[in-house]
Amino acid sequence: MAAMAPSKEDETTALSLPQKRYYRQRAHSNPIADHCFDYPARPADVDWSTLYPNYDSCSPTKLVEFADIGCGYGGFLVALGEMFPDRISIGMEIRVKVSDYVMDRIKALRSQNPGKYNNIACIRTNAMKYLPNYFVKHQLEKMFFLYPDPHFKKAKHKWRIINQALLSEYAYVLRKGGLVYTMTDVEDLHKWIVKHMEDHPLFERISSEEEANDPITPKLYQSSEEGAKVVRNKGSHFLAIFRRL
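Residues numbered from 1 in each chain as written. Predicted model: local features only at pLDDT ≥ 70, side-chain atom pairs only at ≥ 80, totals over all residues. Heavy atoms only, no water.

Asker: Let's hear about the sheet that holds strand β7 (residues 238-244): which residues, and what values?
Answerer: With mixed pairing, the 7 strands of this open sheet are ordered in space as β3-β2-β1-β4-β5-β7-β6. Of all strands in the sheet, those bounded by a partner on one side alone are β3 (120-124) and β6 (203-205). Averaged over all adjacent pairs, the angle separating strand axes in this sheet is 20°, with direction ignored. In this structure, strand β2 (residues 88-93) lies alongside β3, joined through 5 bridges in parallel fashion. When the bridges of β3 are listed, Ile 90 appears paired with Ala 121. Most of the contacts of helix α5 (residues 164-173) go to strand β5 (residues 174-184), to which it runs at about 130°, and overall it touches β4 (140-146), β5, β6 and β7. (Pairing = 2+ DSSP bridges. Helix = DSSP H or I, 4+ residues; strand = E, 2+ residues; numbered from the N terminus. Axes fitted to C-alpha atoms, helices over the stretch in contact; angles between N-to-C directions. Contact = heavy atoms within 4.5 Å.)

Asker: Give a detailed account of the pattern of salt bridges, specifying residues and quantitative values.
Answerer: A full pass over the atoms with the stated rule returns 12 salt bridges. The residue Glu 65 makes a salt bridge to Arg 87 at a minimum N-O spacing of 2.7 Å. Here Arg 87 lies in the loop between α2 (75-83) and β2 and Glu 65 lies in strand β1 (residues 64-69), a separation of 22 residues in the sequence. The shortest N-O distance in the salt bridge between Glu 187 and Lys 191 comes to 3.9 Å. Of the two residues, Glu 187 and Lys 191 are both situated in helix α6 (residues 187-199); the distance of 4 residues between them amounts to about one turn of the helix. Overall, the relative accessible area of 42% leaves Glu 187 in the partly exposed class. Because the salt bridges share partners, they merge into one network encompassing Glu 65, Arg 87, Glu 141 and Arg 175. (Salt bridge = Lys/Arg side-chain N within 4 Å of Asp/Glu carboxyl O. Buried < 20%, exposed > 50% of the residue type's maximum accessible area, 1.4 Å probe, protein only.)

Interpretation in functional terms is not warranted from these geometric data alone.
Structural data, given as structure tokens:
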């Protein structure tokens, strides 16, 4: 018997959101190791139109401006897309199964909400190595480092995503006045971040008043899956936001 053609109703059925239990992966990844990545030789080689529907590469106002580094399962990235529908955000995640989950999640959200979530996307990459391969000088307005791996052992502190050498790369891709948002539930890591950021000549910490008045600040606590887990466990949040000078 010949197979039945899919009905019109089947063709228009929206995709279901992915189930996280099928994308589980260990929390830690060695960012210094030689993972297998495809990455552009230079920012001009990036075809953003494959990630964002209706992306206009010729428009200077339609560049990726927000970067969620180590975006995890994409909760905060989705919140960014909802808060800033006219701005383009990218999530960068090193773990293969986790990045696959975010990509499938965005695909399902677009299917369920036609015309929405076209401003967010995720790529699997190592931001500690390849960030300048994706972004031109002073392209980004905001960078987010939410609940990064603390790498507790002293010998692994060089793996921390906030360190003196990498801060110069972050300053390169950030525009003047751009902001770096950091959040962690590990006080030792928070102190490490603040020390290294304040020691760098191109960053200054904004005041607690500015932090409180930033509309993004409330989203930093619970939008990400890691942040929500900290809230459930009644843990502490340590926030610090820095301005690019």
